[in-house]
Amino acid sequence: MKETVAVECLVFEVNGERFEVLEIDPSTTLLEFLRTRTRFKSVKLGCGEGGCGACVVLLSKYDAQKDQVESFTVSSCLTLVCSLNGCSVTTSDGIGNTKDGFHPIHKRFAGFHASQCGFCTPGMCVSLLSALANAESRKGNSALPGFSKLSKFEAEKAVSGNLCRCTGYRPIADACKSFAGDIDLEDLGINSFYGKGEEKDTIVAGLPPYNPAHHVSPYVQVSEEFFKPVIRILNSEKHSWYTPLTVEELQKMLDCYLQGNGRSIKLVVGNTGDGYYKEMKKYDKYIDLRYIPELLSIRKDETGIEFGAAVTISKVISYLKQIDLSRNGDTIFPKVADHMEKIASIFIRNAGSVGGNIVMAQRKNFPSDIAILLVSLSSYVTLINGNGCKSISTEEFFSEPPMDYNTVLLSIHIPFPKLFKAGVSSQAESKMVIETYRAAPRPLGNALPYLAASFLADVSIHNNGILVNKMDLVFGSYAMQFNALRARKTEEALIGNLLSFDVLHKALNVVKSDMILREGTPYASYISSLAVGFVFDFLSSLFSCNRPSSRKLNGFLPETSNYTRINSRGNIRNSLLSSSKQVVESNKACHPVGKPMEKSGALIQASGEAVFVDDIPSPQNCLEGALVYSTKPLARIKGISFHSHPIAVISAKDIPKEGKNVGCVAMFGPEPLFAEGVSRFAGDLIALVVAESRRNAYIAAKSALVEYDTDGLDTPILSVEEAVQKSSFFDIPQFIHPKKVGDFSKGMAEADHKILSAEIRLGSQYYFYLENQTALAVPDEDDSLVVYTSIQCPENAHRTISKCIGVPEHNVRVVTRRVGGGFGGKALRAMPIATVCALAAHKLRRPVRIYLDRKTDMVIAGGRHPMKVTYTVGFKLDGKITALHLDILIDAGITPDISPAIPNNMIGAVKKYNWGALSFDVKVCKTNRCSKSAMRGPGEVQGSFIAEAIIEHVASVLSMEVDSVRSRNLHTHASLGMFYQSCSVDPLEYTLVSIWEKVARSVQFEKRQTMIQQFNNSSIWCKRGISRVPVVYELTVRPTPGKVSILMDGSIVVEVGGIELGQGLWTKVRQVAAYALSTINCDGTEGLVDKVRVVQADSLSLIQGGFTAGSTTSESSCEAVRLCCNVLVERLAPLKEKLQQQMAAVGWDFLVLQAYIQSVNLAVNSMFLPDPDSTKYLNFGAAISEVEVNILTGETTILSTNIVYDCGQSMNPAVDIGQIEGAFVQGLGFFMLEEYNSNEDGLVVADSTWTYKIPTIDTIPKQFNVEVINSGHHKRRVLSSKASGEPPLLLAASVHCATRAAITAARKQLKSWGAIEGTDSTFQLDVPATMPVVKKLCGFDAVEIYLQNMLSQ
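Let me begin by describing the structure that accompanies this report. (Residues numbered from 1 in each chain as written. Predicted model: local features only at pLDDT ≥ 70, side-chain atom pairs only at ≥ 80, totals over all residues. Heavy atoms only, no water.)

**So, a nonpolar patch on the surface**
And then number 1: On the surface, a cluster of nonpolar side chains totalling about 440 Å² of accessible area is made up of Leu1047, Met1048, Leu1153, Tyr1156 and Ile1157.
And then number 2: Mapped onto the elements of the fold, leucine 1047 is located in the loop between strand 39 (1040-1046) and strand 40 (1052-1056).
And then number 3: For leucine 1047, a relative accessible area of 35% translates into the label partly exposed. (Patch = residues over 30% accessible without salt bridge, like charges linked within 9 Å, V, L, I, M, F, W, Y side chains within 5 Å. Areas by Shrake-Rupley, 256 points an atom, 1.4 Å probe, with all protein chains shown as cover. Salt bridge = Lys/Arg side-chain N within 4 Å of Asp/Glu carboxyl O. Helix = DSSP H or I, 4+ residues; strand = E, 2+ residues; numbered from the N terminus. Buried < 20%, exposed > 50% of the residue type's maximum accessible area, 1.4 Å probe, protein only.)

What follows is the structure in C-alpha cells.
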C-alpha cells in the first residue's frame, strides 16, 4: 500500500478544474459546494435523500489496495465534500456543453426525445456515463464501432435509480439502449437520427458517434498528484475532519473525544444514512474511516469471507457474484448478491458501506435487508472498543442494546455453508438451498420492502423423501420490533422431519405467530400473509430437489408449467422493457409543423446548462429562506421559538400596512399568505425564517418550536362526512355548474336491474415535480422588485405580490424561463412561495431566495382532490345502462383554490359513456386540510375512473364480459351531442368508435382474451387480466397573447403567454413561427426554425399571459404567434415584391435587412381569441392493458399497454407521443402506486422519496406501444391539431381495470377451493391498487385455503 501523508488543505478536481479549499464547514455536501462555489450547476437538488438521482455525479478516486483508479456514481446531496480529498468529480456539464460540444449521451437523449422538463436529465446522463465506463473496463472483446460493451438490459438498469415525472421512461430507456452492443436499433422508438425501415448501415451512421477512448476514458481519470508518490489524506483541525490510518488511531480519537465532554462525533464512510435520517446538525468532529486497511479489506479463506465494515455495498455485491463454491448450492452467494442489488439505488450502494447499513439497523432499527441476509447466513461481526475486540453472531448483535459511540464495527464474516467446509459432504445426497424474498413497490429496489426474507435450508434427499436437517427462516420489515426476526416456531416444525403435506401444513400454520409486529402497524395482515407466502414458496421449491417423491403428495406441488415463483418478476437478470413501438402519421403540409423535431433546449437540458430558477446566480448579500408550517389542523398559535436562531423571521405582522395578507389571487377568491393567530390546517404557513445559507435556514426552520392552544376552538373538520354534518361547503358558481342529462326517473323505470347507493372513495396524489417550489426576489430601484419563480401563471403571481406588499403592479416584475415539472402544482400553489419570498426581500431590502426541501413541499402542496362518490345505476339485461345518479363529496381543503371547477370537469369525464340519463348532486366540502389544487386532469381523472368502476360493477352483476358492456354503452354521434352540448362535433371528427376497433385489432384483443383464460386455467399463483378503456376528454381553449420580433440579422425572437413546463410548448411555437413566416416565399426560409428563439415570460413585457394549464396552452400560444407572423408577412410582402422586380431572387436575410433600412415595423403583439363556437372541443383515445398479478404477494406486473390516440394533425408527433406516454405513466402512479397519506391531524406523512413512490423504469409496461392517428382536417382547431397533455392520463385506468380482471380470476379460483368469504365477483378495488390492496382481494389466507382444499381431497 502506498505511503500516506496528512494535509490541512482539501484538494480535489471538478471537471478537470482544481479546487483548493482552505476552510469549509465539514457538514457541507458536494451538491452544496458545486451549486454555491463553482460554475457547474447541472447537479440538481430534487430530494436531498439520495432517492431521485437528480444530483448524481461521477466520482473517480485512486484505490490504493488495487493500485488503480475506480469510477462510480454517488449522490452529491449526501456526499460530504471533505470526503473528496484527492478525488475527481465529473458532472453532466463537464462531459459536454454548448461551448466545448455535446457528448454523444447528450445528443442521444435529445434525439430520442428523452428529456421533457429536463430537471432530471443531467443525473440520468451521468448514470449512463458510469455504466458505459464500467462496461468498458471489463475484459473481453471490444464492441462494434459506435456501441459499447453494455447489454441492453444493463443500459436500462443504469437509470433504474433515477426518477422522472415527465417522460414515462420509455424514451430514456431507448436513449440508453442505443449504446448497447446487443441492441437492434430498429427496435428503438421514434428519434431524430433515422427513420423506420432504413438500412442498418444508414441507421448506425445516423447516430451520434461514440468512441470509448474519446467519450469515456477522459472522464474516469484522477490527477497523478493525488497519489504519486504518496497519497495525501485530509487531517485538519480547521475542518474538524480527521482521517485515522489504523484502528489504534481511531480508538485513540474516540477515547479522548468521548470521555465525558459531551461533544458530538460522526463516523463517515459514504454518509448515505443522512438520506434516511436527514440529520441537519453539525458535529464537533468528523472521522473518515475509509483509510483504515482493516475496514477496507476483503479476505477469503477456507472458513468463509470477511468484509471490512467500510467496504461499500457495491463492492460486496461484486465480490459475492464471483464466488464459486463449485459444489451443490453454488448459487447461494450470487443469490445474496442479486438481493443486495435491490437495496436502494446504485449510486447509494456505491457510497454506502455494508457496516454502516447494519450499524444503523442495530442502533436505530433501520429496516435493513443486509441484516436479514447476514443472519440467515449465520454470519458474525467483530466489534472493537476500549475494552478490546470481540466477535458475536449477527443474530446476537441485532438483539443487543444499541451500540455506544465508542464501539466500532470492524468486520463482518460470512462463513461458507458447512456442507462445503470440508470439501466433501458427509451425506452424498445433501444440499444447501437458499432463497431470498422481497415484496416492495419497486422490483429493482430504491424502495423499502413491506417484508423481506432470507431462507437457508440444509436438506438430505432420501428414497422416501426430503429430510430437513437445518432451516433458517429470517424476516425483516419496517413494521417489526426486531430487525432480523428468526421464525423459530416455524423452524422447529420443520427441522428433523421429512417434508410432507402434513409437515408443511403444520409449519405454515405457525408462521403468522412468529411475526412480531409493532402495535398499530399498517398492513399487519398483509405482512403476515406475505410471510406465509414466502415460506410456502420456499418449501415448495425444495420438492424440486427430489421431483419423484413430490408426486406422493397427490398433486400438492404444482407442476413447473403452472407454478410461477414469487421472485420471477424481481429477477434482475431479466430485461426491464421487452419492446415498444410508436406509430405516427406525419403531416407535411405545413412544414416544419408536423415534423417530429427534437425538443427545443433538449441538449442544454441534458448537459445541465438549462437555467432553472435555482440555477440563477445568487446576487450579492442574498439570503435564504425556509418555511415554518403548522402541524395542527385548527389551533391558536401562542408563540414560536427557535433552537437555532435565524437572521429574521417573517410573518403576518411584517406585511406592510399598505399591503394585505394574501398569498394567492385566484378566480374563486384570495387565499391568506400566513396564519394570523390561528392555524387553520396542518401545513398552514406560520413564518418564513431567513438565514445566510440554505442549510442554516433549513436548520432554523426545523428547530422551530410552535406553542399551540385549542381552548375555545371548534373541532377541526377533517373528512367530507364531517363537512356535511356542519354544512361546510364552497359554492359552485352557476356558470360552471355541470348540466344534467335526460330524465333519471324515467331511465330507472326502464331498467331491468338496479344498483343502489354503491360507494367509491378516491384518495389524493402529489405532483412530485423534480424541481421543488422555488423563487428568487431581488429588490430594485424605486421600491420595485424582480421575482424569478417557477410558476405556470406569472401574471397571477405578479398581482398577488403587488397586493401583498402594497405597491403598484408596475413595481413588480415576475420572470419565468422554464419550470422543472408542474402538472398543476406550479400554478396557484406556487404563488405563496413567490409572494413570501418577495415580502421578505421587500422587508429586508436584500435579495432572498427560497428552495423548499422535499418534505415541506410535500406537506404544503395539496395535490389532487380526494372524494367520496355514491352511485345509483339502472341497466338492461343486455348491459345497456339507462340511468345514473351520482352523489359526490369533494374534499377541497381550506380555501376554494380551483375546487369549484372540479365538478364540471368531473362530470364531463363521466359523460364519456351514454348513461341514458345522468343526474348528480355535488358538494365541494371545506375542510381543515391543505387546499387541494389542480393536478393534471383535475376532476377528469376521478370522473373517468368512476365511469369505469360503474361499468365494471354492472358487468359483474350481469355476469357479462365487461368489455361488451363498455362497447354497448359507447356514444353514437347523436348521444355524444346530447351529453356534450357545449361541444360541436362533426360526425367525421367523432373518431372514438374507429379508435376503439383499431386498438383491439392492434393486439388481437379477442385472441388475447382467450390466451389469458387459458393461462389462468393453468397457472395457480399468477393470474392475468386485460382491459380496454376509452377516453372522451373535453378541452377548453383560452385567450393567449404572443409577440414576435424579427431582428436585423434575420433571427426571430418570440414571447408567448404559455410557460415551458417540459410539454414542448416552445418547440411547437418555433415550428409554427417558422411555418407562418415561410409563407413570405422567399429564399432561405427552409431552415427558418433554427433562427427562431422563444424567450422567458416576463410579466411586464407580455401581459395577460394567463394560466399554462388544461393541455391547450401550446396550441393557443402557437395561434397567437401565427397571428403575429401573418401580420409580419403582410408588412414584408410589398417590400419583397418591390425587391423581386429589381433582382432575380430575394433571400430572407436580405429582405429583413432592407426592411430595417426602410423602417418597416418588425415587431408584432397579438392576442389570440378563440371563436365562441370553437372554445371547447373533444379528444378521443383508447388503451388496452394486460397485467399479471402474483397472488402470493399482490404484485402487479404490467405486461403490455397499447394506446391509440387522436391528436388531430399533430404539430410534433415526437412531442405528442412524449406527452401521451408521460401522462399515462403519471396516471399509472395514481391508479396503482402513489399513497399520499396523512395522520389524524391531516398532516401529510408521505413526505419523502422513502414513503411516496412514483413509477420507475421497472414499473412501467414491459411492452409499451403508442399510435398517434392523423384524424384529418379540423377546421376549428389550430392547424387542425389537438391536445395531448392530459387526456392520456385517464387511459391508465386500463391497468387498474385489468388488475381487477386478474383479481376476479383469483377470487374465482379461491371459490373453487371452497372459500366462502372474499370470492364474490363484485368487489371494490381501491385506488391506488397497491400490493396490500391487491393481495387482500386475492385472499390474505389464499395459501391456507389452498392447502386445506388439498387436505380435503
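**Digging into the state of the cysteines**
And then number 1: A complete count under the given rule lists 0 disulfides for this structure.
And then number 2: With no disulfide partner, cysteine 47 has as its closest neighbouring cysteine sulfur the one in cysteine 52, 3.7 Å distant.
And then number 3: Cysteine cysteine 622 remains unbridged, with the sulfur of cysteine 837 as its closest cysteine sulfur at 7.8 Å.
And then number 4: A relative accessible area of 12% places cysteine 622 in the buried class. (Disulfide = S-S within 2.5 Å.)

**Focus on the pattern of salt bridges**
And then number 1: Tallied over the full model, the rule gives 71 salt bridges.
And then number 2: The shortest N-O distance in the salt bridge between arginine 35 and aspartate 615 comes to 2.6 Å. Here aspartate 615 lies in the loop between helix 23 (602-607) and strand 21 (623-629) and arginine 35 lies in helix 1 (residues 30-37), a separation of 580 residues in the sequence.
And then number 3: Overall, the relative accessible area of 13% leaves arginine 35 in the buried class.
And then number 4: Connected via shared salt-bridge partners are Arg35, Lys44, Asp614, Asp615, Glu624, Arg694 and Arg849.

**Considerations on unusual backbone geometry**
A negative phi holds for most residues other than glycine; trans holds for most peptide bonds.
And then number 1: Cis rather than trans, the peptide bond between histidine 591 and proline 592 has omega equal to 5°.
And then number 2: Structurally, the position occupied by proline 592 is in the loop between strand 20 (579-584) and helix 23.
And then number 3: Along the chain, valine 1327 connects to proline 1328 via a cis peptide bond; the corresponding omega equals 0°.
And then number 4: The backbone of lysine 278 shows a phi angle near 50°, a positive value even though the residue is not glycine.

**What about the nonpolar core?**
And then number 1: Grouped together as the largest cluster of nonpolar side chains are 334 residues, with contacts concentrated most on Phe109, Phe475, Phe538, Leu886, Trp915 and Trp1021.
And then number 2: Core analysis: the next-biggest nonpolar cluster, separate from the first, contains 57 residues, Leu295, Ile358, Ala361 and Val375 among them. (Core = buried A, V, L, I, M, F, W, Y, C linked by side-chain atoms within 4.5 Å.)

Note that all results are geometric; they support no functional claim without further evidence.
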